[in-house]
Amino acid sequence: QVQLVESGGGLVQPGGSLRLSCAASGRMSSRYAMAWYRQAPGKQRAFIASITSGGITDYAASVKGRFTISRDNAKNTVSLQMNSLKPDDTAVYYCNVNGGPGAIYWGKGTLVTVSS
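Calculation criteria
- Residues numbered from 1 in each chain as written.
- Predicted model: local features only at pLDDT ≥ 70, side-chain atom pairs only at ≥ 80, totals over all residues.
- Heavy atoms only, no water.
- Pairing = 2+ DSSP bridges.
- Helix = DSSP H or I, 4+ residues; strand = E, 2+ residues; numbered from the N terminus.
- Axes fitted to C-alpha atoms, helices over the stretch in contact; angles between N-to-C directions.
- Phe/Tyr/Trp six-rings, centres within 6.5 Å; stacked < 30°, edge-to-face > 60°.
- Lys NZ or Arg CZ within 6 Å of the ring centre and 35° of its normal.

**So, the sheet that holds strand S1 (residues 2-7)**
Next up, step 1: Ordered in space as S1-S3-S8-S7, the 4 strands form an open sheet in which the pairing is antiparallel. Strands at the two margins of the open sheet, each flanked by one partner only, are S1 and strand S7 (67-72). Each strand of the sheet is rotated relative to its neighbour by a mean of 15 degrees, with strand direction disregarded.

**Describing the pairing of strand S3 (residues 18-26)**
Next up, step 1: Strand direction decides the pairing type here: S1 and S3, joined by 6 bridges, are antiparallel. Each bridged residue has a counterpart across the sheet, and for valine 2 the counterpart in S3 is glycine 26.
Next up, step 2: Across 6 bridges, S3 lies against strand S8 (residues 77-82) in antiparallel orientation. Bridging across to S8, leucine 20 finds its partner in leucine 80.

**Considerations on the packing of aromatic side chains**
Next up, step 1: For the structure shown, the criterion picks out 2 aromatic pairs.
Next up, step 2: Their ring planes at 70 degrees and their centres at 4.9 Å tell us that tyrosine 37 and tryptophan 106 sit as a pair that is edge-to-face. Of the two residues, tyrosine 37 sits in strand S4 (residues 33-39) while tryptophan 106 sits in strand S10 (residues 104-106), which places them 69 residues apart along the sequence.
Next up, step 3: Counting every residue linked through ring pairs, the aromatic cluster contains Tyr37, Phe47 and Trp106.
Next up, step 4: It is arginine 45 that lies over the ring of tyrosine 94; its NZ or CZ is 3.8 Å from the centre.
Next up, step 5: Here arginine 45 stacks its cationic end above the ring of tryptophan 106, 4.5 Å away from the centre of that ring.

Right, here's the structure in full:
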């Protein structure tokens with residue numbers, strides 16, 4: 001089992017920045033890929049960004065160029081630096097770990113609200 005705890009959410013103005021963090025514990029391995037998803041009000045959970053054990057990243061088109069995902073394997077953490085935030089970025093952001101079949105883990109989420 002892997003436990004994930006997100007932090008860093010809050011209220012930010014359009015154009016502002018916010019940094020989210022996720023701490024993994026339990027049976028975590030640095031070999032597992034990590035990712036961020038988000039669920040906006042009235043919408044399904046959507047992929048935002050991912051990073052492999054070797055540091056290869058992938059981003060959704062909606063956030064590419066604005067968000068940056070990173071990880072610290074020594075600390076078992078993954079972060080999401082969010083810049084140039086828009087109201088459409090308002091969502092609950094979830095940390096995800098992919099440990100293979102039967103080993104997909106989610107955090108409880110942290111709320112990001114982008115509003116004036």
